[in-house]
Amino acid sequence: MSASVRKLLLPLLLLPSVGARAQVTCLFTEDFSAAELPGGWSMEPATVVDASGGATAPWRTGTAAEADAAGYFPLPDDPVGNRCVLANDDAAPCDCAMSGVSLITPVIDLAGSTHAGLRCRIYHDGRPANTRARVEASTDGTTWTTLFECPPVLGAWQEVLLNLDAYAGGPVRIRFTYDDAGTWASGMAVDDVCVFDRPAHDVALGHAALGDATISAFVTGDRSLPYSHLPLEQAAPLMASVRVRNLGSEPAQGMSLALEVQLNGTTVWNGSSDATGSLAPLTDTTWVVNTGWTPDATGDLSLQWTLTTTPADAEPTDNVASAAQVITGPGVVNNTMALDNGLPETFLDNGGEGFSAGCRFELLGGASLIHGLAVKVGDGTAPGALVTPLLADGELNVLSAGSTDTLTEADVALCMAGGWHYLAFAEPVAVPDDADVVGLVRYDPGNGALRFAAGGVVPQGSAWIVGSDGFSITYPLRAPHVRLVLQEPVTGIAPARNGSTGVLTLFADPASEQLVVFPIGTGRGVVETWDATGRLMQRNEWNGTTPLAISTSDWSTGIYTLLYRRPDGLWLGRALVQR
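Note that the structure is predicted; figures quoted are calculated from it, not measured.

### Let's talk about the environment of Ala235
Structurally, Ala235 can be placed in the loop between strand E17 (229–231) and strand E18 (239–246). Put simply, Ala235 and Ala297 are 62 residues apart on the chain and 9.8 Å apart in space, counted from C-alpha to C-alpha. Ala235 has contacts with Arg223, Leu230, Thr294, Pro295 and Leu364, leaving out every residue within four places of it along the chain.

What follows is the structure in C-alpha cells.
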C-alpha cells in the first residue's frame, strides 16, 4: 500500500458496540424484543422488595426511555426504539436495592460444538463507582465461574465476546449478575445474546469510517472525526479506519486488506496491505490508512474495504465493509460540514427546559468563512420556539452568535419535509488558524416546545448537549442535526422575513416525468427544489399566476421539498417522485 498503514490491537470485548456486526450462526439467541421475559429464563432472587414494600421482579424488558425514566440510567437508544432486558435500580417498577440480582439463560446444549463463543451487548456505567456487573457460566446451575467483569463505560453499549471452549460438548447456562453494592445506582442492561460455534478460521470486518477511529473524540488538534459532509475547501489527505475481528478458534494469519476509494463512481485511489504477525482468537484490531490523496472535486465519496485470508475464511460474507461521505461546495449541499446522516433517528429535548445541541468541528484555518448553522428540528416542535445560533471554542467560550429566531409554522413544516432551517451569524466568522469549534443551536423556552432531530452514530465526545446553565455537558452517541454552513445564501428561511406563508398545491404526486405547481396569485419569485440530502435540484423563476411545470424525468426516487420565495412571503410543498 503506497500510503501509511497502522494497526491498533485491542481486546474485542472492551470495544463500544458501533457499526456492523459480524455474521455468525447462533446455536442459542435472544434479543428480548417481547414485552415479557422469554420462556426458560430465570432470576435469582425471583423478587426484590420495591420502594413501596411490595415484591417485584429485579429484571424486566424495556426501552432506553423506560430505563432512564427517572434520569439516572442513561441507556443509549441504540438501535432506536430497541428493547433489551434490564435491572434498573432507580426507576419503576423497582426503585429498590439490587444486591446480587442475576438473570440466567435456559440450559444451552453444546454437544455438537468443539469451540464455542458467547456474544452479547452489555450496558454498565458503574455509577456510583462501586457497582459491579459480570458474566458467569455453569454446567450444573449451582457452581458458577466468572467469565467477565464488565468495566464501567458511560454512554455506550459494550460488545462482549467470550470464549466458551471449556463448556463445548456439554450443557451450559449463562448468568448475568448486577450488584448495586447497597447504594443508589443506575443498573445493567443486556441484549442480543448469541452462543455460537467457532470455526477455526473466521475473520470479519466491523465498523468502517472515514477519519482515524483510534483517536478519541475528546482529543483535539488532529482531524479524526467521521464527517458525513465535508466542504472541498476543508479537504485534507483522506484518512480511513476499519475494525478487523478474529471470531475463529485459531490465530488469524495471512490477512490482506484492500481499500478502494471512488469519487462520483470513478476510482481515485486503491491499495492493499498484508498483516504482519497474527491476530489472536477473540481479539480486535483497527487498521488506519492515510491514503495521502486529497479530494479534488465535489460529489459522492465512497470507500470499500475487502479482507482476504489464508487459509480461506469459513464465513466470507462479512469480509466487506464500506463508508461514504459527501464532498460539498458552494451550491452543492450548501457547502456544509456535518457529522449527522440527515435522518431523524431520534430526538433530543430537555424535558421542556432550555438547552443547546450541536457538534464539534475540526477546521483548517484560513480556508473558510462560517456564515451560520443549518438545523433540523424534529417531531414535537411547535411554532413559537426560540432558537439562537452559537459558535464556541472547546471551552465553550462564545466566538460568535446570531439573532434569536422565532420558529414559524412554515419553519417547522420545512424540517418535517426533510429541509433545513438556516440561522445566520451576525457576521461571517473567519478561523485564522487550525482550530476546533463547536456549533450549537440554543433553545430558549418561549411559546413553543422544541426537539432537535439527531441521527448517525458518532464517537462519544463529538456531539454535544449543553444544559441551560451553559456549563453541564453530555455527549450523545447520535449527532444532532446541526451543520456548519460555509456559504451565503443557503437553503432555509431567512431570519428576517415579512408577509405570508403557505402551502403549495402540487399535481401528479407521486410524479414520474413531471410535477405541476398550481397558481397561488400574482407575485414574481423563485421556486427551489431540494432533495432529501439538501442538494439543490432545480431553480425556476415563477410569476405565481400560471401553472409551473417542472421536469422530474432524471430525478431519483425520493422525497423532494419545494420552496417558493418572493418578497411578500414563502410557500412550502413536498412531492414524492417514483421511477
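### Looking at the packing of aromatic side chains
Counted according to the given criterion, the structure contains twelve aromatic pairs. Measuring from ring centre to ring centre gives 6.5 Å for Tyr123 and Trp157, while their planes differ by 65°; the resulting arrangement is edge-to-face. You can see Tyr123 sitting in strand E10 (residues 116–123) and its partner Trp157 sitting in the loop between strand E12 (145–149) and strand E13 (158–163), a full 34 residues away along the chain. Here Tyr123 matches Trp157 in class, with each residue buried. On the numbers, 5.7 Å between centres and 35° between planes, the contact of Tyr564 with Trp571 is tilted. The residues Tyr564 and Trp571 share a single accessibility class, namely buried. Taken together, the ring pairs connect Phe28, Phe32 and Trp41 into an aromatic cluster.

### Regarding the state of the cysteines
Considering all chains together, one arrives at two disulfides under this definition. Between the sulfur atoms of Cys26 and its disulfide partner Cys194 the distance amounts to 2.0 Å. Between Cys26 and Cys194 the sulfur-sulfur dihedral comes to about -110°; the bridge is accordingly left-handed. Pair noted here: Cys26 is in strand E2 (residues 26–30) and Cys194 is in strand E15 (residues 187–197), with a separation of 168 residues, a long-range link. By relative accessible area, Cys194 is classed as buried at 1%. With its sulfur 1.5 Å from that of its partner, Cys94 forms a disulfide with Cys96. One quick way to see it: the torsion about the S-S bond of Cys94 and Cys96 is about -60°, and its sign makes the bridge left-handed. The class for Cys94 is buried, based on a relative accessible area of 4%. If you count the bonded cysteines of the protein from the N-terminus, they pair up as 1-4, 2-3. Cys84 carries a free sulfur, and the closest cysteine sulfur to it, the one in Cys120, is 12 Å from it. Owing to a relative accessible area of 1%, Cys84 belongs among the buried residues under this scheme. Unpaired in this structure, Cys120 has its nearest cysteine sulfur neighbour in Cys150, at a distance of 7.5 Å.

### Quick word on the confidence of the model for the protein
Across the protein, the average pLDDT comes to 87, with 92% of residues at 70 or higher. Within the model, pLDDT remains below 50 along residues 490–499, and this stretch shows 34 contacts once partners closer than five positions in the same chain are excluded.

### With respect to the pattern of salt bridges
Per the counting criterion, the structure on display carries 20 salt bridges. Of the charged contacts, one joins Arg60 and Glu66 as a salt bridge, the two residues approaching to 3.3 Å between their closest N and O atoms. With relative accessibility at 26%, the residue Arg60 sits in the partly exposed group. The residue Arg360 makes a salt bridge to Glu362 at a minimum N-O spacing of 3.9 Å. Both residues of the pair, Arg360 and Glu362, count as buried. What emerges from the salt-bridge pattern is a single network uniting Glu44, Arg134, Glu136 and Arg175.

### Side note on the nonpolar core
Taken as a class, soluble globular proteins show a tendency for nonpolar side chains to be buried jointly. Ranked by size, the top nonpolar core spans 66 residues in total, and within it Val244, Leu301, Trp305, Ile370, Phe452 and Leu484 carry the most contacts. Per-element tally for this core: the top contributor is strand E26 (residues 355–363), with five residues. Ignoring anything within four residues of it in the chain, the contact list for Val244 reads Val203, Ala204, Leu205, Met255, Leu257, Leu279, Thr283, Asp284, Thr285, Trp287 and Leu307. Core analysis: the second largest hydrophobic core is formed by 36 residues, Leu103, Ile108, Ala133 and Val160 among them.

### Digging into the layout of surface pockets
Roughly 1,300 Å³ of volume is contained in the second largest pocket. Per-class residue counts for the lining of the second largest pocket are 20 nonpolar, twelve polar and seven charged.

### Things to note about the sheet that holds E17
Strand order across the open sheet formed by five strands is E17-E23-E22-E19-E20, with mixed pairing between neighbours. Two strands in the sheet have a free side with no partner beyond their single neighbour: E17 and strand E20 (266–274). Neighbour-to-neighbour, the strand axes of the sheet open up by a mean angle of 20°, direction not taken into account.

### Here we look at the sheet that holds strand E27 (residues 369–375)
If you walk across this open sheet you meet the four strands as E24-E37-E27-E31, and the pairing is antiparallel. The sheet is open, and its two edges are formed by strand E24 (336–337) and strand E31 (421–430), each paired on a single side. Judged from the two bridges that link them, E24 and strand E37 (residues 482–485) form a sheet pairing that is antiparallel. When the bridges of E37 are listed, Thr336 appears paired with Val485.

### Side note on unusual backbone geometry
Here Glu44 and Pro45 are connected by a cis peptide whose omega angle stands at -10°. Secondary-structure assignment places Pro45 in the loop between strand E3 (42–44) and strand E4 (48–49). Backbone torsion omega between Asp78 and Pro79 reads -5°, so that peptide bond is classified as cis. Of note, Asp192 is a non-glycine position whose phi angle comes to about 50°, a positive value. Among the secondary structure elements, Asp192 is positioned in strand E15. The residue Asn334 is not glycine, and still its phi comes out positive at about 60°. In this fold, Asn334 is placed in the loop between strand E23 (320–328) and E24.

Rules behind the numbers
Residues numbered from 1 in each chain as written. Predicted model: local features only at pLDDT ≥ 70, side-chain atom pairs only at ≥ 80, totals over all residues. Heavy atoms only, no water. Helix = DSSP H or I, 4+ residues; strand = E, 2+ residues; numbered from the N terminus. Contact = heavy atoms within 4.5 Å. Phe/Tyr/Trp six-rings, centres within 6.5 Å; stacked < 30°, edge-to-face > 60°. Buried < 20%, exposed > 50% of the residue type's maximum accessible area, 1.4 Å probe, protein only. Disulfide = S-S within 2.5 Å. pLDDT = per-residue confidence, 0-100. Salt bridge = Lys/Arg side-chain N within 4 Å of Asp/Glu carboxyl O. Core = buried A, V, L, I, M, F, W, Y, C linked by side-chain atoms within 4.5 Å. 1 Å grid on protein atoms, 1.4 Å probe; cavity = no way out; pocket = protein on both sides within 12 Å on 5 of 7 lines; lining within 4 Å. Points joined across faces, edges and corners; volume = space filled by probe spheres on them. Nonpolar A, V, L, I, M, F, W, Y, C, P; charged D, E, K, R; others polar. Pairing = 2+ DSSP bridges. Axes fitted to C-alpha atoms, helices over the stretch in contact; angles between N-to-C directions.

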